[in-house]
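# Working through the structure, step by step
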Amino acid sequence: MCGQYPTNFRRYFRNLPGALLASGAILLATAGLPAHAQIGGVLEEITVTAQKREESLQDVPISVATISGERLNVLFSGSDDVLALSARIPGLYAESSNGRAAPRFYLRGLGNIDFDLAASQPVSFIMDDVVMENVVLKSFPLFDLKNVEVIRGPQGTLFGRNTTAGIVKINTMRPSQESSGYVRGSWATYDTVNVEGAVGGSLIEDKLAVRVSGISRTRSDWITNGYTGQKSIGDYDELAGRVQLLFTPSDQFSALLSYQLRNLDGTSSIFRANVFDTGSNSLNQNYDRETVYYDDGDDNPQGYDSNGFTANLQWDLERTTFTSITSYQSADGFSRGDIDAGVVDLTQSVQVPAGITFDPNAPTFDGPALTFPGTIIVSSVTQDGADTTQFTQEFRFASQPEGRFNWQVGGFYFDSDLEVTTESFASFGFAPGSQQDTIVEQSNSTWAVFGQGSYDLSDTFTVTAGVRYTEDEKDFEVLQFGQLWLDLGIPTFIAGPINVDDDQTSWELSGNWAISDRANLYGRYATGFRAQTIQGRDVAFLETPSVAQPETIESIELGYKTELLNQRMRLNMAVFMYELDDMQLSVIGGAANVNQVINAAKGEAVGFELDAEWLLTDRLLLTAGASWNDTEIKDSTLSTAPCGSGLCTPLDPVDPTDFSGRKVLLDGNPFPRAPETTYSLTLQYTAPVGASSELFFLTDWAYTGEINMPLYEAVEFKTDSQFEGGLRFGYRNLDSGWDVALFGRNITDEDNVLGFVDFSNNAGFVNEPRVWGIEFGYQFGE
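Model, not experiment: these values are computed from the prediction. (Residues numbered from 1 in each chain as written. Predicted model: local features only at pLDDT ≥ 70, side-chain atom pairs only at ≥ 80, totals over all residues. Heavy atoms only, no water.)

## Here we look at the overall build of the protein
In terms of regular secondary structure, the protein is built from 4 helices and 45 strands. For the protein, the C-alpha radius of gyration of 26 Å lies close to 28 Å, the compact-globule estimate for 782 residues. Counting over 782 residues, the protein shows a buried share of 61%. Put simply, of all contacts in the protein between residues at least 6 apart along the chain, 69% involve residues at least 24 apart. Of the roughly 29,400 Å² of accessible surface on the protein, 56% is carried by carbon and sulfur atoms. If you average the places of the 50 positive and of the 104 negative side-chain charges in the protein, the two averages end up 7 Å apart. (Helix = DSSP H or I, 4+ residues; strand = E, 2+ residues; numbered from the N terminus. Rg over C-alpha atoms; globule rule 2.2 N^0.38 Å. Buried < 20%, exposed > 50% of the residue type's maximum accessible area, 1.4 Å probe, protein only. Contact = heavy atoms within 4.5 Å. Areas by Shrake-Rupley, 256 points an atom, 1.4 Å probe, with all protein chains shown as cover. Lys, Arg positive; Asp, Glu negative; His and termini not counted. Charge placed at Lys NZ, Arg CZ, Asp CG, Glu CD.)

As structure tokens, then:
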């Protein structure tokens, strides 16, 4: 465990006055508001499952935010994937350098920038009560949703390892005895077509219900490869479906059986060469959203298939409920990319397109070459494939929600296998253009036992405590070594079998004080851990695998939740601080072009979150959110090699112990990809038309403040003040269930930088383009 917070942690509170004063001002102001300031409609009560039982959001002593209904559906109207959730909930950030296949999530500034398909994440992704461990499984399309819960802070007691930052929890619609369903179809810019629907109801009255749902998302190629002159990049064709059966033979037993599958055939991330000038983080003349220049990589194709089965069984006993959740999930596929993102012509004879920079004599590893856009040092094409399976089993006993004491105890088992194939065409001076296929296998098994109890000390104060013991083991093995390395006599012992294991105890303690019927104050102390990590990607490039020790966290959180103005306003806020011991970090790219995991001595963070809803009138709803994170890596000796020579402008001091003079110190840097601030805003309005129809309007906006993308700090790889907005305007007939709407995503056509590649040139990749579209929908039943 991390032990006591160090005295230098107090320095963070010098950065908190604004946050605390703002929170205090809101608290004092709302305390003086009358409990029944208005009469009319009220906000709907929000039910969450952050503690594995249904509870009111306002009663849970954890910082939790939810998104549902129109506010959720509008995010995906332009056929966006799960990354559309980024910054829509305060403190949540998401990005990917693997197209639509491997998202990376960050909460309270904590995440993992590693793009490898074997990378572990400190933000857990749970779909219908099943953890989706591998990043490919996390990318399953979102459709037919009840809501999305974002549970902030370590959740090690009830949800286990790899939740040091928190959880993104997806809850889909479940079968019911009532007939219900919907269908939506839309067309948008770039021939973007989205068709989604669900239907369900009773098969056997009061005994068996079904729900079948599915989605199809397609887009045509919309990016021109300026090297070939063909519009051949950017398309995707994605299909996914889910079938659920709910069997209720008696009042005491229910069985929810679910099967889902997905097929994705599309384009991986679009890298763009030399879109940053040295000394600037602004996109330069080489950037054109609809044009790239690829001489290899087959226009960056991507394809994945996945499927999974879950059985959720529940027995209601006299005083307890027993739950068994069994699940098997699998996925396999590949992503291919022109990583240098440009043209490397050793013949120096290719015609350079007008308007972009070029180097007629670039010093590549294979000799002088004509390169564009700009100077490219390494020609690199990589294809990564993942074949992963996971099995999970959870048993849980829980008390019936009655009396002063409520409890739950359970056990959890997880077993997974992952085979990653890396096909590299980067020459690095060896046989230009040759292919190196390396296959590594990682297996992971873990088991845990846990318990949690809540006791009402009085009618207004509840204390909750929980504990979890976990054992985790990982194995790593090379199944195939690059043939060129074998031909050159390179020994394979650099990647011998690796086994690591560890056991950890996580616990939590919280108190919730109901200061009135509509206001709660809470405090929470929680610990957790991220299991040991093996990163073996560099085996493909003659480097030994790296191993990071477990990361542990201690977190303190204070929160205030209230409903005001006769339940027309909901205001929830939290301030937090946490400390990580042996913080796991990923060293990606840089001058050495490596992918390694390391441990920093410590990581420290402090911040706050604010979630607000206000029903301004019976037909006008405003929601707003804000977060602030101050994060810092604490390790006086930790260093890494920044970008390739002369590509960027490092801001960190040089490591005096590094004789090469290439490494820089990381002590004091912010966590990578940690937004300092996020803000979100939605405005939703309906206007009646006659007795049974209405016009509706919704606009949503998200903003992220300063982000330092790599471990090191450099002028070129910082972003700030990035935002996106969307809108939806339409007509709905309430009697028939039909509606039609016009919508737009990224309506101001922002070019937001989401990532970079720094070993060959100053490459980057950006957000989704602006799209406008029209949608028709029909729904019936519930």
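## Overview of the packing of aromatic side chains
Using the criterion set out here, one finds 23 aromatic pairs in the structure. For the pair Tyr679 and Tyr703, a centre-to-centre distance of 5.5 Å together with 45° between the ring planes defines the contact as tilted. Here Tyr703 lies in strand β38 (residues 693-704) and Tyr679 lies in strand β37 (residues 677-689), a separation of 24 residues in the sequence. For Tyr679, a relative accessible area of 41% gives the class partly exposed. A residue is classified by how much of its surface remains accessible, and Tyr703, at 25% relative accessible area, is partly exposed. Each member of the aromatic cluster is reached from another via a ring pair, and the members are Phe253, Trp315, Phe322, Phe395 and Phe397. (Phe/Tyr/Trp six-rings, centres within 6.5 Å; stacked < 30°, edge-to-face > 60°.)

## With respect to the sheet that holds strand β13 (residues 223-225)
Sheets are built from strands paired through backbone hydrogen bonds, the pairs being either parallel or antiparallel. Pairing within the open sheet is mixed, and its 3 strands lie in the order β14-β13-β17. The open sheet has two free edges, formed respectively by β14 (230-233) and β17 (291-292), since each of these has just one partner strand. (Pairing = 2+ DSSP bridges.)

## Observations regarding the nonpolar core
Counting 111 residues, the largest nonpolar core has Leu85, Phe125, Leu142, Val168, Phe671, Tyr712 and Phe717 as the members making the most contacts within it. Looking at which element gives the most residues to this core, the answer is strand β32 (residues 569-589), with 6 residues. What Leu142 contacts, discounting residues up to four positions off in sequence, is Phe76, Val82, Leu85, Phe125, Met127, Ile170, Ile215 and Arg217. (Core = buried A, V, L, I, M, F, W, Y, C linked by side-chain atoms within 4.5 Å.)

## Thoughts on the pattern of salt bridges
Two side chains bearing opposite charge may form a pair once their charged atoms approach each other closely. Taken as a whole, this structure holds 42 salt bridges when the rule is applied. Between Glu196 and Arg184 there is a salt bridge, and its shortest N-O distance comes to 3.3 Å. Pair noted here: Glu196 is in strand β11 (residues 192-204) and Arg184 is in strand β10 (residues 180-188), with a separation of 12 residues, a long-range link. For the pair shown, Glu196 and Arg184 are each scored as buried. Between Glu563 and Arg570 there is a salt bridge; the shortest N-O distance is 3.3 Å. The residues Glu563 and Arg570 share a single accessibility class, namely buried. (Salt bridge = Lys/Arg side-chain N within 4 Å of Asp/Glu carboxyl O.)

## Quick word on the pairing of strand β12 (residues 208-219)
Across the 12 residues that make up β12, a large majority, 9, are buried. Here 11 bridges tie β11 to β12, and the two strands are oriented antiparallel to one another. In the sheet register, Gly200 faces β12, and the bridge partner there is Arg211. Connecting β11 to the antiparallel partner β12 that follows it, the hairpin turn spans 3 residues, and Asp206 within it adopts a positive phi of roughly 65°. Of the strand pairs in this sheet, β12 and strand β15 (residues 236-250) are connected by 12 bridges, and their pairing is antiparallel. Its bridge partner lying in β15, Val210 is registered against Leu245.

## Here we look at the side chain of Glu563
In this structure, Glu563 sits in strand β31 (residues 551-564). A polar contact of 3.3 Å, which involves the side chain of Glu563, links it to the side chain of Arg570. For Glu563, the contacting residues outside a window of four places in its chain are Gln58, Arg518, Met569 and Arg570. (Polar contact = N/O pair within 3.5 Å; in protein donor to acceptor, adjacent residues only side chain to side chain.)

## Here's the deal with unusual backbone geometry
Between Phe372 and Pro373 the backbone carries a cis peptide bond, its omega angle lying at -5°. Backbone geometry places Ala87, a non-glycine residue, at a positive phi of 65°. Overall, Ala87 belongs to the buried group, its relative accessible area being 3%. A positive phi is found at Asn746, a non-glycine position, where the angle reads about 50°. Among the secondary structure elements, Asn746 is positioned in the loop between β42 (738-745) and β43 (753-757).

## What about the sheet that holds strand β6 (residues 123-127)?
Within the open sheet, the 5 strands sit side by side as β3-β8-β9-β6-β7. Their pairing is mixed. Pairing within the sheet leaves two strands with one partner each, and these edge strands are β3 (64-67) and β7 (130-131). The sheet contact formed by strand β8 (residues 145-152) and strand β9 (residues 166-172) spans 7 bridges and is antiparallel. Bridging from a neighbouring strand, Val148 pairs with Ile170 of β9.

## Remarks on empty space enclosed by the protein
Counted by the stated rule, this structure contains 14 cavities of 30 Å³ or more. Looking at the largest cavity, its volume works out to about 870 Å³. Contributing to the lining of the largest cavity are 43 residues, with Leu83, Leu754, Val766, Asn767 and Glu768 lying nearest its centre. Looking at the lining of the largest cavity, the elements with two or more residues in it are β4 (92-95), β38, β41 (722-733) and β44 (763-766). A class-by-class count of the residues in the lining of the largest cavity yields 18 nonpolar, 14 polar and 11 charged. If you go around the second largest cavity, you meet 40 residues; those closest to its centre are Phe115, Ile339, Ile588, Val757 and Phe759. Broken down by secondary-structure element, the contributors of at least two residues to the lining of the second largest cavity are β19 (320-338), β23 (381-399), β32, β33 (594-617) and β43. (1 Å grid on protein atoms, 1.4 Å probe; cavity = no way out; pocket = protein on both sides within 12 Å on 5 of 7 lines; lining within 4 Å. Points joined across faces, edges and corners; volume = space filled by probe spheres on them. Nonpolar A, V, L, I, M, F, W, Y, C, P; charged D, E, K, R; others polar.)

## Observations regarding the pairing of β8
Among the 8 residues that make up β8, 7 are buried, leaving the element largely enclosed by the rest of the structure. Strand direction decides the pairing type here: β3 and β8, joined by 4 bridges, are antiparallel. Looking at β8, one finds that Thr66 is bridged to Glu149.

## As for a negative patch on the surface
Residues Glu471, Glu473, Asp501 and Asp503 make up a contiguous surface patch of negative charge. Put simply, the parts of the chain that give the negative patch at least two residues each are β26 (461-480) and β27 (498-516). Mapping Glu471 onto the fold places it in strand β26. Note on Glu471: relative accessible area 31%, which makes it partly exposed. (Patch = residues over 30% accessible without salt bridge, like charges linked within 9 Å, V, L, I, M, F, W, Y side chains within 5 Å.)

## Description of the environment of Trp507
Tracing the sequence through the fold places Trp507 in strand β27. On the basis of relative accessibility, which here comes to 36%, the residue Trp507 falls in the partly exposed class. Between the C-alpha atom of Trp507 and that of Tyr560, which follows or precedes it by 53 residues, the distance is 22 Å.

## What about a nonpolar patch on the surface?
Taken together, Leu203, Ile204, Leu245, Leu257, Tyr259, Leu261 and Phe309 make up a surface patch of nonpolar side chains, about 590 Å² in accessible area. Elements with a contribution of two residues or more to the nonpolar patch: β11 and β16 (253-267). Here the nonpolar patch gets 3 residues from one element, more than from any other, and that element is β16. Mapped onto the elements of the fold, Leu261 is located in strand β16.

## Overview of the confidence of the model for the protein
Regions with low pLDDT should not have their predicted coordinates read in detail. Chain-level pLDDT for the protein is 91 on average; 91% of the residues reach the 70-or-more range. Below a pLDDT of 50 lies the segment residues 1-39, which in the model reaches 67 contacts outside its immediate sequence neighbourhood of four places, other chains included. (pLDDT = per-residue confidence, 0-100.)

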